[in-house]
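Here's the letter readout for the chains.
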Amino acid sequence: LFIFSELDSFSCFFLVFFFWSNSPCLGGSQRAGGMSRSFLTYNIHEGAAEAIVHGYRCGILRTEDYNNISQCDTLEDMKLHLAGTDYGNFLQNETTLSSKVITERALEKLVDEFMELRCNVDQPLGEFLDYITFDYMIGNVLKLISGARSGRETMELLYKCHPLGLFEGIGALTSATSIDDMFETVLIDSPLGKFFQRTERKDFDEFSMEYIRSLLQKNYLEHFYDFCREIGGLTWDVMKTILEFEADRFVITLTRNTYGVKELQKDDRKKLFPAFGLLYDIHDDLAMVDDDDTLKEKLRNFPEYADMLEGGGGIGHEGGSGMSGLEAKFTERAVQLHKNSMAMQFHYGVFYSWVKLKEYEVSNLMWIAECILQSMRHRITEYITIY
Amino acid sequence: HFFALLIGAENKMPEKCSGLWRSQDMTFLQLHIQREAAHDSVLKLGQLGCVMFRDMNVNVSAFQRLFTNDVRRCEDTERRIRYFEDQLKREHAIRPRRAHRSGASDSQAGVETLDSLEPHLESLENELRELSSKWEQLVSQRNSMKEHLEVLIQDPSFFHGDESSERDFSSAVQADEDGGAGMRAGGLRYLTGVIRSDRVALFELLVFRATRGNMFMRTNEAREPFEDPVTGELVKKAVFVVFFSASRAAEKIRKLCESLQASVFPYVIGSPQERQNLEKVHDFLMELETTITGTDNVRAELLFQVEKNVNQWKKTVITEKSVFNVLNMLSFKGQTVVAECWAPEEDVDNIRAALAEAERTSGAQMESIVEATPNHEAPPTYFKTNKFTSVHQSIVESYGIARYKEVNPTSFSVVTFPFLFGVMYGDIGHGLMLTALAIVFIALERRLLSANLNEIIGLVFGGRYVLLLMGLFAIYLGFLYNDFFGMMIAPFGRPFWYFPENYAEAVENCDPGYLVWFGANASLTRGCKVQGGSPYIFGVDADWAETENKLEFMNGLKMKMAVILGVGQMMWGLVLQLLNHLFFMTNAKEKEERDKARHHIWFGWIPEVIFLSCTFGYMCLMILIKWLVDWTARMRADLSPPSLLEAMTNFFLSPGSVLPNKYLYGSDSSQNGFQTFLLLLAFFSVPLMLLPIPILEYMHHKSSSYGQLNEPEHDQEAALHARETSGEGAAKPEQPVVTEEGFDMSEVVIKQVIHTIEYVLGCVSNTASYLRLWALSLAHAELSEVFWNFAWMKPLTWDGGSGLLAFVGWGIWFAVTIGVLGVMESLSAFLHALRLHWVEFQNKFYYGDGVPFVPYDIHHLLSQGLSKGRTF
């Protein structure tokens, strides 16, 4: 009996091998060029990396942790509590603590974990992870551009860049004097080059900061959306939801931020909207909107967004972590989407959601640390609840 | 004694077993210490290492405790020590030759306390940091000088290029007005500097883009790498010169250089002044070099001082930190400190002595009080082990910690575990290999203990004593199986059995009384006793090696042996269960618990024993009888040996079907009668297992709840009273009233049904599970035989005297023996022996739900802490 059971495991191997070699016909959804992985073969390539991330999820701070941390009187206490979490002794070599140090070390930990994953994964997951970093690269480049425009010391700005968004030659951006210069010297063959597509022949320097930001964001979202569609499978199902929400959020925020801005023609405004999302059909209408009431009117067919506007639409109404009410609502929804994505398996959205949730966590830590430092205890609970 | 207990006689004879058999007697102590003596007392107790403190401030969060600040100070000091260690590591990396100067670094400086250590280390750290920053500054200055030097010593041709282009350059070289920022060479501007080698390509690309391609760049690797002042790494750098035409590009390139951390040096091509510059830089560099050496020496001296003491400091800090952590668990009330702890009963005197010592050293006036107090929590389990038994104990504990005072399976698995391994791995040769390995490990024990072994070797080394026993038992069983690397040997002289080729030969050589001959076609039993031969002394007769039915014979032997061993071990497990019940019965304080244990013996243990012995116990009996019967004589009387498999199947499925010429003992009718009797016993033991316990519990519950209804006030009063008398009773869990609370009949019934089904089916499946002993030993013997014959013997016959094939064949055989049989097979036999103990043996009696005794032991903490941080 025993020998037969051993033979059994051998035959299982052969069976698995058989399935594996035939997986394209068995492996479920195979859209667009076979980039997706079937359930059967997914774990061969991405199983380990995904398992690691699911493990990291357990390290995300929970409400009990936040309850404990927000009771602290000093940053030392906070360090003591964090030592009991997944962060461990990440602050053990610091002589003096500040909210900046805590944030930096926490971010450093995230970046270390992310880079370790990045070094150990196959394509197309590697490219997917790169796409996650592009978001931060855009942020960094914008920071440098605004620095260059306002004539600040750019080397100093470099140290304030998000560590996930560093790429080779980003330092050289500081040598350029204009955005066109930056583009032509450095950005053109950096990963961000493709996001600098222009619809019209005009120098970048003529655009406002906000316009460039929106343009980059739009292009980024569209590219990422296309890339996820190319990957297909469950990844596409999950990322589609998340990215469409991101696009809608971007459209609504952009609309609200540009009420009555003279420099932005209505046509141009529409051109900055990412060409997908739940609101895609009413982009034309939204481009015309110039006040909150009309916006609500236009959004009445999209109850979730309308409700968000209804609840916290008032400008100046402060929400958590110093965000406006609407923004807090959006964040809440985003956290929910990311949690849903983390609850599933066999897709890449896990990685995206993990990075995003961790980022929220780091900003929470900063918020709490700041509150402790400035003795703003009554506002300490306004962090973003994750788990 | 046993029967007296069974019928309920109140016989109090406490079983005082300790050591490996039952866990140590534990006692719950309350220590009242004067506040001033608390620190020293805890320290002394930690050095004693036999006290497990109980956290009395569970409800206080970590940062609100009394000594959090001191713990923090310790952590800060630890951080300083880590900084020193980092610095030392760097120092050793840079200048390894100094390492040997300070070989034995454990200086015997007087024991320092945290209070004296802290300011000392703080000043040391500041000094070291200052020195380091000064040193870093100097080194970066030196680097910049060296870079400049690199530019200056470049061969003129570096700036001029090949001959064809030389004309263009040298025609009009002149310095630019703006202080050498961009100098002109033949109408061209240029810039010289030094950049990291890995950034050259990027730099060139960026410059190319910035100047729209109107540039020319040339680089040359620097002679030697530069030391990065911060990280201490060696960085390769390259000298570059960029030629370009547009004056506007100069600023751009300069900024690029800045962003890529390249340094730019003014240089005038062909200028005689550069020669003077070279000398100047050279001189300055020499000066810097002497300053750096000076700083270096001071720093090295300081680090040398640090290195001498750093281990001592570490010990102090680890000790102090652990003391403060324990103090955080105690409760402080005015001038006294109350500590609650578990300790082995036999160590109470030592604890008293340690506390008295602490009083003396701390100069406290009040005497510390040690008093044993009742505690209703389950006491922790503590076995005193030595280096031989500790591995066996840890094997058992990785399944579960023994309940307080229950029988410890380790007492038996010390022998049975290696024995069962040997049953599966029985081979003299392989056993010798294992034993040799274990002996090597044990002989080098002292040296290897201090060495840093890798994970796998460390694991094997940790189990060296188990390995030794495993090897010895493998040799023993190897002799029993008569297997030596898969070959039979005849170590004990002449064989007993004789296997003749033909009948005539048989008649001639065999003892006529023991001649069995079935004719030429019957391949099975053709053996007979050698005339005048004596029985083979030990193990299997070597003559089986050449017979056709060797495999059948060995299979039968091993299979039966496996079952007998298995049933025997399970039976022994049941005996241990009885011992547990008896022990808990004798030591129970309340009548209720005694009754419960008694019920478990009558209606749990007894039917279980009956069931097992009437079914598989009987099977083992039949095996033994069949072995002992003289079949030669009985076959003459026309009685054929019955198949045991058939007999067992019929035992269950069709009782009374033993044929007249196929009985094993007695006669066919007596065997039929006995078997039916056994089957009925086994059958009726099942309801006995299933029904009484739930019924008894239900009845007990009913009667006791009536009792409670009658005098509820009295009970409450008693509970109140108990709470008052027990001091801080609020913190303790309320014990007495809990037992009756959630009585749920259906739960009890379901539990009992599951237990019964599990046991009855378990008897079948566990017995079958023991067949793995046979299966593994068969696989092992077959594999080794095949390897012997095909990897070694076959090439030997093909060899024809050249020796080449024999060489290769032997190599293959040896490699396979080590790899497959030595490593893989032993691992799998180990795992199966583990499983047989964990599942089949221990589920008969072992609760395994105890709490481990983890004493506060400073020596242990120190050995852990020091081995972790020993990096230099």
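Now for a look at the structure at hand. Treat the numbers as computed from the prediction; the structure is a model and nothing was measured.

Structural notes on the overall build of chain A
Counting its regular elements, chain A contains 17 helices and zero strands. Counting every position in chain A, which comprises 387 residues, the buried fraction comes to 51%. The long-range fraction of contacts in chain A, counting pairs at least 24 apart against all pairs at least 6 apart in sequence, stands at 64%. On chain A, roughly 18,200 Å² of surface is accessible, and the fraction owed to carbon and sulfur atoms is 53%.

Observations regarding a negative patch on the surface
A cluster of acidic residues, Glu153 and Glu156 of chain A together with Glu251 and Glu258 of chain B, forms a negative patch on the protein surface. Position of glutamate 258 of chain B relative to the elements: it lies in helix α8 (residues 248-259).

So, the interface of chain A and chain B
With 25 residues of chain A at the interface, the matching set in chain B holds 22 residues. For the chain A and chain B pair, buried surface summed over both sides reaches about 2,200 Å², with 59% attributable to carbon and sulfur atoms. Taken together, chain A and chain B are joined by two salt bridges. For the interface between chain A and chain B, the tally reads one residue pair in polar contact (both at pLDDT 80 or more). Secondary structure elements with two or more residues in the side of chain A that touches chain B: α1 (2-21), α5 (75-83) and α9 (179-185) of chain A. With four residues, the single largest contributor to the side of chain A that touches chain B is α5 of chain A. Partitioning the side of chain A that touches chain B into residue classes produces eight nonpolar, ten polar and seven charged.

Focus: unusual backbone geometry
The omega angle of the peptide bond from glutamine 123 of chain A to proline 124 of chain A is 0°, so this bond is cis rather than trans. Phi at arginine 212 of chain B is positive, roughly 55°, even though this residue is not glycine. Topologically, arginine 212 of chain B is positioned in the loop between α7 (200-210) and β6 (215-221). A residue is classified by how much of its surface remains accessible, and arginine 212 of chain B, at 64% relative accessible area, is exposed. Phi is positive for lysine 405 of chain B, close to 75°, though the residue is something other than glycine. Note that lysine 405 of chain B resides in the loop between α11 (389-397) and α12 (410-425).

Rules used throughout
- Residues numbered from 1 in each chain as written.
- Chains lettered and ligands numbered in written order.
- Predicted model: local features only at pLDDT ≥ 70, side-chain atom pairs only at ≥ 80, totals over all residues.
- Heavy atoms only, no water.
- Helix = DSSP H or I, 4+ residues; strand = E, 2+ residues; numbered from the N terminus.
- Buried < 20%, exposed > 50% of the residue type's maximum accessible area, 1.4 Å probe, protein only.
- Contact = heavy atoms within 4.5 Å.
- Areas by Shrake-Rupley, 256 points an atom, 1.4 Å probe, with all protein chains shown as cover.
- Patch = residues over 30% accessible without salt bridge, like charges linked within 9 Å, V, L, I, M, F, W, Y side chains within 5 Å.
- Salt bridge = Lys/Arg side-chain N within 4 Å of Asp/Glu carboxyl O.
- Lys, Arg positive; Asp, Glu negative; His and termini not counted.
- Charge placed at Lys NZ, Arg CZ, Asp CG, Glu CD.
- Buried area = accessible area lost by both parts, 1.4 Å probe.
- Polar contact = N/O pair within 3.5 Å; in protein donor to acceptor, adjacent residues only side chain to side chain.
- Nonpolar A, V, L, I, M, F, W, Y, C, P; charged D, E, K, R; others polar.

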